[in-house]
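Residue-level structure breakdown
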Amino acid sequence: MDVAEIQRVGRGLDGYLAEFSDCFGRCDTESYLEVYVEGQNSDLQRKSAEPIALRAGIVPRTLQVFLGSARWDEQRMIDRVQEIVARDHSHPYAIGLIDETGSPKKGTHTACVQRQWNGNRGKVDNCVVSVHLGYTVGRFHSLLDGDLFLPESWANDWARRERVGIPEHVAHRSKPQIALAQIQRALRNGIRVAAWTFDEHYGQSYDFLDGLDALGQTYVAEVPCDFHGWAAAPKILYRATPQEMRKHGRTRRYPRLAKTAAKTSEVRNLLHHSPSFASQSWTPIHVKDGEKGPMVREVKVIAFRMQRDGLPTRPHWLIAARNPEVTRHTGVPNDVKFFVSNAPGGTPLEWLVYVAYSRWPIEQCFKEEKDELGFDHFEVRGWRSIHRHMALTQVSHLYLNKMREQLIAEEQAEEAAGVFPYRDSGDQRPTYPLESLTLNQIRAALAAWRRAWPLGRVGRQCLLEQAAWQISYTRNHNAAAKASHRKTTLEKLRTQGIDLTRIRSCIGSDFAL
C-alpha cells in the first residue's frame, strides 16, 4: 500500500457515509454518524460512546443520546447495507452465512444479558448473544444483519423489559426463528446467494430447514451425529390393501409407512453400518488454501431422506467429512462431521464440500468487528441502543471490506501487468510475495489519514509514508509466516500419502474465487 492508496481510503469515507443520509431526519443527527464511524476506525483502545465522544471533542452524553433516544432509522440503515452489498458484490456463487456471537457483560441490567452459552469463549458466561447473517464471495465478506437473542427469562419479565425499552411486540424467538426472519428480510432487499451454510445448532432445526425450502433456498447444513433419517427409501403404502379394507376399526391414514419399513437411523450409525456408505472409500478433496496451508478433507456422500409427518422427504445429500490427520491416541482420523443439503441431483461434490467449509468468513467478521471496531465494547444497556451500535458497526465494517476488495483487485491487476507500485520503495525487494491486505491494515490506513489530515503538507506526507511502510512491512512478514505454515502442512499431507496434484480439488473451479 502506498500513500496514494491511503489517501483513497481516507477520502472515500465521506461519499460512502452519504449513502446513509436518508436514515436521518436532521443534519445534526447525521453528523454523529461520521463521528461514531471515525471513532470506531481510530486507534482508541476502548471504542464505546464516551471515548469516541471525547476524541471528537463533544460531550459524551451527546453520543449516548444518539444511540438511545435520537430520532433516526436504524432499520433503514440495515436495509441500505444489504442494498449496497446486493448492488456492488452480487455473484452467482455467493454464499450466505448464519451464526451467533456472544459479548461478555457484567451485571444484570443490560438488555438480554444472562448466563448462557458464549461460543466466543467456549463456556457458559454472563453475556449478550446476537444472531447474525453474513455474506461471502471470494475475498469479500460482510455481516448483513444482527438481532439480539431475547431469553425467555427476559421475555416474561415485563418490569425488566420496560427498563431497557424492549418493544411490546418483541417476543421470545429461537435462534433459528431469528435467522429465518433475517433471511426473508435480506431476500426482500435483493440479496441472492447460491447456498446458505450454518452450524449444527441451526441444522438440527427441522422447522428452519423447511423454512429455507419454502423460500426456495439451497443449503448445506451441518447436523449433529444423532440426526435421524433413512439411507434407503422406506416402503410406503399409498392405499389400503384388500386385507386391510376388510378389517374393522379406526380408519388408517394414507400414505403411511409400511409395517415392514425400516426405522430412521442416526447418521453416525449410517456411516458405520449402511451399505451405501460401506461400499465407498474415503475420497480426499482439496477444499481450499487457508491461512495455514491447504485444507484437505476426506468425504463420503449418499442419498438421504429426512422424516416429516412420519413420511420420508425427497432425497437430500448426506455428507460425512473427516480430517485425514490421524489422532495421536487412536492412530485413525475421528473428527467426522455430517452435513445435509437440499441441493438438486447432479450437484458436484466439490461444490457441496466447499460450501460446507465456508463458515470461516463469518467468524472472521466477528473477530474483525470485535478486535478492530469495538463491537463488544458497548456500554449502553437499552435494546434500541445495542441494536443501533450493531448497525453502525456493520456500516464501518462494510466500508473497510469494500476498500480492501478494491485495492486487492487493483494490485492483482498491476502485478499481472508486471507493475509493482509499492514494492520498490524499500532498499530490498521482498523475499516473499506480499500477503493480501487485511482489514486491520485498511483500518490503520484510515486512522493514519485522519491523524495526518490536520497537519501541514510536509508533516502529512511523512506520516502517510511511515504508515505505508509499516503496512507493507507487516504484509511481507505475514506472507513469510503463511509460506512457512504452508510448507509444514504440505509435509504433514505427504506423510499421510496425500498428493494435492492427484486428488479432487475445489481450487480452480468457477466457485472457488
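Residues numbered from 1 in each chain as written. Predicted model: local features only at pLDDT ≥ 70, side-chain atom pairs only at ≥ 80, totals over all residues. Heavy atoms only, no water.

Considering helix H14 (residues 349-356)
Counting buried residues along H14, eight of its eight residues qualify, which places the element largely inside the surrounding structure. Along H14, the residues that are buried comprise Leu349, Glu350, Trp351, Leu352, Val353, Tyr354, Val355 and Ala356. (Buried < 20%, exposed > 50% of the residue type's maximum accessible area, 1.4 Å probe, protein only. Helix = DSSP H or I, 4+ residues; strand = E, 2+ residues; numbered from the N terminus.)

Quick look at the environment of tryptophan 469
Turning to its location among the elements, tryptophan 469 is positioned in helix H18 (residues 457-495). In the structure, tryptophan 469 is positioned 468 residues away from methionine 1 in sequence and 7.9 Å away in space, judged by C-alpha atoms.

Some points on the nonpolar core
One finds Met77 and Phe198 to be the most contacted residues of the largest nonpolar core, which totals 109 residues. Looking at which element gives the most residues to this core, the answer is helix H16 (residues 383-416), with twelve residues. For phenylalanine 198, the contacting residues outside a window of four places in its chain are Ile98, Gly203, Phe208, Leu209, Leu212, Tyr219, Val220, Ala221, Glu222 and Arg359. Grouped together as the second largest cluster of nonpolar side chains are 27 residues, Trp351, Val355, Cys365 and Cys506 included. (Core = buried A, V, L, I, M, F, W, Y, C linked by side-chain atoms within 4.5 Å. Contact = heavy atoms within 4.5 Å.)

Here we look at the state of the cysteines
For the coordinates displayed, the defined rule picks out zero disulfides. Unpaired in this structure, cysteine 127 has its nearest cysteine sulfur neighbour in cysteine 112, at a distance of 11 Å. (Disulfide = S-S within 2.5 Å.)

Description of the pairing of strand E5 (residues 195-198)
Judged by which residues are buried, E5 turns out to be covered on both faces: Ala195 and Thr197 on one side and Trp196 and Phe198 on the other are all buried. Two strands pair when backbone bridges link them, and strand E1 (residues 95-104) and E5 are joined in this way by four bridges, in the parallel orientation. Looking across to E5, one finds that leucine 97 is bridged to threonine 197. (Pairing = 2+ DSSP bridges.)

Some thoughts on the pairing of strand E3 (residues 123-137)
Of all 15 residues that make up E3, 13 are buried, and the element is covered over most of its length. Relative to E3, E1 runs antiparallel, the two sharing ten bridges. Bridge assignment links glycine 96 to a residue of E3, and that residue is tyrosine 135. Summarising the sheet, E3 and strand E4 (residues 140-148) pair through eight bridges and their orientation is antiparallel. By the bridge assignment, valine 131 is partnered in E4 with aspartate 147. The antiparallel hairpin formed by E3 and E4 contains two residues in its connecting segment, where glycine 138 sits at a positive phi of about 60°.

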